[in-house]
Amino acid sequence: MRIDLPEKVEYIIETLHKAGYEAYAVGGCVRDRMLGREPKDWDVTTLADPYQVKALFRRTVDTGIKHGTVTVMFGETGYEVTTYRLDGEYEDLRHPKEVTFTKSLQEDLKRRDFTINAMAYNHKDGLVDLFGGEEDLKKGIIRCVGNPGERFDEDALRILRALRFSAQLGFSIEPATEAAIRERSTHLEKISAERIRDELNKLLLSAMPERLTTLEDCGIAEVVLPEAVALLRQKELVNPILHGLLDYTKCEEKDERTALVLCWATLLNAALLFSGMDENENRKKAVRRILQRLKFDNDTIQKAAALAEFSTEPVVADAYTIRKQMHRMSEAVFDLWLVFQSRTRLPGREPVARMLLEQAVAIVDEIRSAPYCVSLKGLAVNGADLIAAGRRPGVELGEVLNQLLELVLERPELNKKELLLEIAEKINPQKQE
């Protein structure tokens, strides 16, 4: 078997070979290439120690030199080169107590998580597959290297990685590996929220997001996402919702962050509705609380919570109502809300009619094709203008501005400074003495 390697990866391997060191492309990049997928990253494993690697290349970064990893840089692109290593005893279900270097490629490969990630390749030796990874790729199987219980006892995050690879690749999980996952689901209590979040994100953005139901099947959901357990148990109800997440990843494939906002808003809102939480404000608070626990950034939290708050807001084909919605939600959330409404299936609710959505989108396009104002920021007058016209600062000033905005939302043609100042006089004609 010959695997095409990027020019820079070939150069790294050849440079190490010329210096007398074994070197191979390893792990996920080999797996993806064998599947006909384009790897996101290329990793190299080598007999050379980190300082020997550094001596051979002009630009390197010590990304994990204590653990044997040096990043070789070409322009803005880096390639991780890691020395063959053995992991010591794992004390926290995540990290080895110590790492020692080895001269054996076999020892390095057998410490890895799954057979499909434990293959190495270079042009000289071809594919090095000591644990049946190629056969498991052909059969579509996720299987641990060696004893699955030991692999998960070493690093509990591998439990979620198994489910994530299953969803990304459309593979089944080998029975012994699945049994070990069920037995060790509580191990995930020891894993950081950030790591759990990242694996769940990858699962939601995968080709098979409906595999999220396996979290409940394996007893993992109660540990990592207890709020969704009841929903995930209802396969007939949740599978269409989860499968619909593919629409988000397709329509927002150039913006992964936006797709994640939509995915999480859909999943959590559906879970909360299914549990009987009908109050919009309560769902908003619940979504915020869940995403904060998972250590999401504030922007994602704010937008997903807002989508939960406005999820039951009706879609209408009326320009004034749409302008008011854009004002109350903010334009950024409103745009997400339209996508959310067009693709989300909520428990107990009929989907929004396609024709109505098309009419609403056409009205939004019309609104934005002309000067418009849906916030105080876009109003032709501000507080300073009203003060200059003789109005006192204070609460009353804000009330006047809000009344002016309400008029402009109804009649955009009024958004002219002179007109609004005249109208403001009539709202409250008394001037400051």
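Residues numbered from 1 in each chain as written. Predicted model: local features only at pLDDT ≥ 70, side-chain atom pairs only at ≥ 80, totals over all residues. Heavy atoms only, no water.

1. Quick look at the environment of K110
Thinking step 1. Its location among the elements puts K110 in helix α4 (residues 105-110).
Thinking step 2. Given a relative accessible area of 37%, K110 falls into the partly exposed group.
Thinking step 3. Taking the C-alpha atoms as reference, K110 lies 6.3 Å from V145; in sequence the two are 35 residues apart.
Thinking step 4. When residues no more than four places from it in sequence are discounted, the contact partners of K110 are F131, V145 and R151.
Thinking step 5. Only 3.3 Å separates the side chain of K110 from the side chain of E107, close enough to count as a polar contact. (Helix = DSSP H or I, 4+ residues; strand = E, 2+ residues; numbered from the N terminus. Buried < 20%, exposed > 50% of the residue type's maximum accessible area, 1.4 Å probe, protein only. Contact = heavy atoms within 4.5 Å. Polar contact = N/O pair within 3.5 Å; in protein donor to acceptor, adjacent residues only side chain to side chain.)

2. A short note on the pattern of salt bridges
Once the charged atoms of two side chains with opposite charge are near each other, the side chains can pair.
Thinking step 1. This model, assessed by the stated rule, comprises 34 salt bridges.
Thinking step 2. With a closest N to O distance of 2.8 Å, R161 and D113 form a salt bridge. With R161 in helix α7 (residues 157-169) and D113 in the loop between α4 and β8 (119-122), this pair connects stretches of sequence that are 48 residues apart.
Thinking step 3. For R161, a relative accessible area of 22% translates into the label partly exposed.
Thinking step 4. R293 is the partner of E227 in a salt bridge, and the nearest nitrogen-oxygen pair spans 2.5 Å. Residue E227 is located in the loop between α11 (221-224) and α12 (229-232), and its partner R293 is located in helix α16 (residues 280-293); the two are separated by 66 residues in the primary sequence.
Thinking step 5. Members of the salt-bridge network, linked through shared partners, are E150, R151, E154 and R158. (Salt bridge = Lys/Arg side-chain N within 4 Å of Asp/Glu carboxyl O.)

3. Some points on the packing of α16 against helix α17 (residues 298-309)
Thinking step 1. Across the interface, α16 lies against α17 with an axial gap of 8 Å and an inter-helix angle of 155°. When the axes of α16 and α17 are compared, the pair comes out roughly antiparallel. The element α16 and its partner α17 pack so that their crossing is right-handed. Each of N280, E281, R283, K284, V287, R288, L291 and Q292 in α16 lies in contact with α17, whose residues at this interface are T300, I301, Q302, A304, A305, A308 and E309.
Thinking step 2. When grouped by side-chain class, the residues that make up the contact of α16 with α17 number six nonpolar, four polar and five charged. (Axes fitted to C-alpha atoms, helices over the stretch in contact; angles between N-to-C directions. Parallel < 35°, antiparallel > 145°, perpendicular 65-115°, else oblique. Left-handed = near helix turned anticlockwise from the far one by under 90°. Nonpolar A, V, L, I, M, F, W, Y, C, P; charged D, E, K, R; others polar.)

4. A short note on a negative patch on the surface
Thinking step 1. A cluster of acidic residues, D4, E7, E10 and E14, forms a negative patch at the surface.
Thinking step 2. Within the secondary structure, D4 sits in the segment before α1 (7-18). (Patch = residues over 30% accessible without salt bridge, like charges linked within 9 Å, V, L, I, M, F, W, Y side chains within 5 Å. Areas by Shrake-Rupley, 256 points an atom, 1.4 Å probe, with all protein chains shown as cover. Lys, Arg positive; Asp, Glu negative; His and termini not counted. Charge placed at Lys NZ, Arg CZ, Asp CG, Glu CD.)

5. Examining the packing of helix α22 (residues 395-410) against helix α23 (residues 417-427)
Thinking step 1. Running from N to C, α22 and α23 point in directions that differ by 120°, and their axes come no closer than 10 Å. The orientation of α22 with respect to α23, classified from their angle, is oblique. In this structure, α22 meets α23 at a crossing whose hand is right-handed. Together, V400, Q403, L404, L407 and V408 of α22 and L420, I423, A424 and I427 of α23 make up the contact between the two elements.
Thinking step 2. For the contact of α22 with α23, a count of residues per class yields eight nonpolar, one polar and no charged.

6. Details of the packing of aromatic side chains
Each aromatic ring pair is summarised here by two numbers: the centre-to-centre distance and the angle between the ring planes.
Thinking step 1. Counted under the stated rule, the structure contains six aromatic pairs.
Thinking step 2. Three or more aromatic residues link up through ring pairs in this structure, and these residues are Y11, F57, F74 and Y79.
Thinking step 3. Over the ring of F165 we find R164; its NZ or CZ atom is 4.4 Å from the centre of that ring.
Thinking step 4. Over the face of the ring belonging to F296 we find R197, whose NZ or CZ atom lies 5.9 Å from the ring centre. (Phe/Tyr/Trp six-rings, centres within 6.5 Å; stacked < 30°, edge-to-face > 60°. Lys NZ or Arg CZ within 6 Å of the ring centre and 35° of its normal.)

7. With respect to the nonpolar core
Thinking step 1. Ranked by internal contacts, the top residues of the largest apolar core, which has 119 residues, are I220 and W264.
Thinking step 2. Residue contributions to this core peak at eleven residues, all from helix α15 (residues 256-274).
Thinking step 3. In contact with W264, other than residues within four places in its own chain, are L200, N201, L204, L225, N269, L291, L294 and F296.
Thinking step 4. The next biggest cluster of nonpolar side chains, apart from the first, holds seven residues, and it includes Y24, Y84, L105 and A120. (Core = buried A, V, L, I, M, F, W, Y, C linked by side-chain atoms within 4.5 Å.)

8. Quick word on unusual backbone geometry
Among all residues save glycine, negative phi is the norm, and among peptide bonds the norm is trans.
Thinking step 1. If you check the backbone angles, K295 has positive phi at about 65° while not being a glycine.
Thinking step 2. A positive phi is found at S330, a non-glycine position, where the angle reads about 85°.
Thinking step 3. Here S330 is to be found in the loop between α18 (319-329) and α19 (331-343).

9. What about helix α13 (residues 235-243)?
Thinking step 1. Of the positions making up α13, those classed as buried are V238, I241 and L242. In an axial view of α13, the angular spread of the buried residues amounts to 95°, which keeps them on one side of the axis. (Arc of directions from axis to C-beta.)

10. Quick look at the pairing of β8
Thinking step 1. Of the two faces of β8, both are covered, the one formed by M119 and Y121 as well as the one formed by A120 and N122.
Thinking step 2. With four bridges connecting them, β8 and strand β9 (residues 126-129) associate as antiparallel partners. Of the residues in β9, the one forming a bridge with A120 is V128. (Pairing = 2+ DSSP bridges.)

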